[in-house]
Amino acid sequence: MFEKKHFDKNASRGKIIEEMIHEGFKPKLINDKANYIYKIHKHPETKLIVCLEGSMKVKVLNKEYIFEPGDKLKIPGNTLHSGIVGDSGCLYFWSEKVT
């Protein structure tokens, strides 16, 4: 589910997109402002996110992850999760699919 430094810091956005598409996702680039809060929620789709810049503290069920550049996080559908964007904001690829 959470893979720390899945992508090398020098990985191109093209390579990241290619891998996400290979997994059946269609990534969109998201740029969250500093300290934005995602309240606890869930949805039927599986989410796949990959951090490019900045950071976010993400809570999935009872586990907390520090989401930083190169990290990959897959959140299964219907799983409670929340997030708090770091002080420098967070730029990441976001995608979803029904599984």
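No experiment lies behind these values; they were computed from the predicted model shown. (Residues numbered from 1 in each chain as written. Predicted model: local features only at pLDDT ≥ 70, side-chain atom pairs only at ≥ 80, totals over all residues. Heavy atoms only, no water.)

(A) Inspection of unusual backbone geometry at higher detail. The phi dihedral of Leu61 is positive, around 55 degrees, even though this residue is not glycine. Tracing the chain through its elements places Leu61 in the loop between β4 (46-60) and β5 (63-67). According to the relative accessible area criterion, Leu61 is exposed, its value standing at 54%. (Helix = DSSP H or I, 4+ residues; strand = E, 2+ residues; numbered from the N terminus. Buried < 20%, exposed > 50% of the residue type's maximum accessible area, 1.4 Å probe, protein only.)

(B) Focus on the pattern of salt bridges. Taken as a whole and judged by the stated rule, the model has 7 salt bridges. For Lys4, the salt bridge is made with Asp71, and the minimal N-O distance between the two is 2.9 Å. Linking Lys4 in the loop between β1 (2-3) and α1 (13-22) with Asp71 in the loop between β5 and β6 (72-75), this pair joins segments that are 67 residues apart in sequence. Looking at Lys4, the relative accessible area reads 39%, which means it is partly exposed. Residues Glu96 and Lys47 are paired through a salt bridge, measuring 2.0 Å at the closest nitrogen-oxygen approach. On the criterion of sequence distance, the pair formed by Glu96 in strand β7 (residues 81-97) and Lys47 in strand β4 is long-range, its members being 49 residues apart. Taking the relative accessible area as the measure of exposure, Glu96 reaches 33% and is therefore partly exposed. Residues participating in the shared-partner salt-bridge network are Glu19, Glu23, Lys72 and Lys74. (Salt bridge = Lys/Arg side-chain N within 4 Å of Asp/Glu carboxyl O.)

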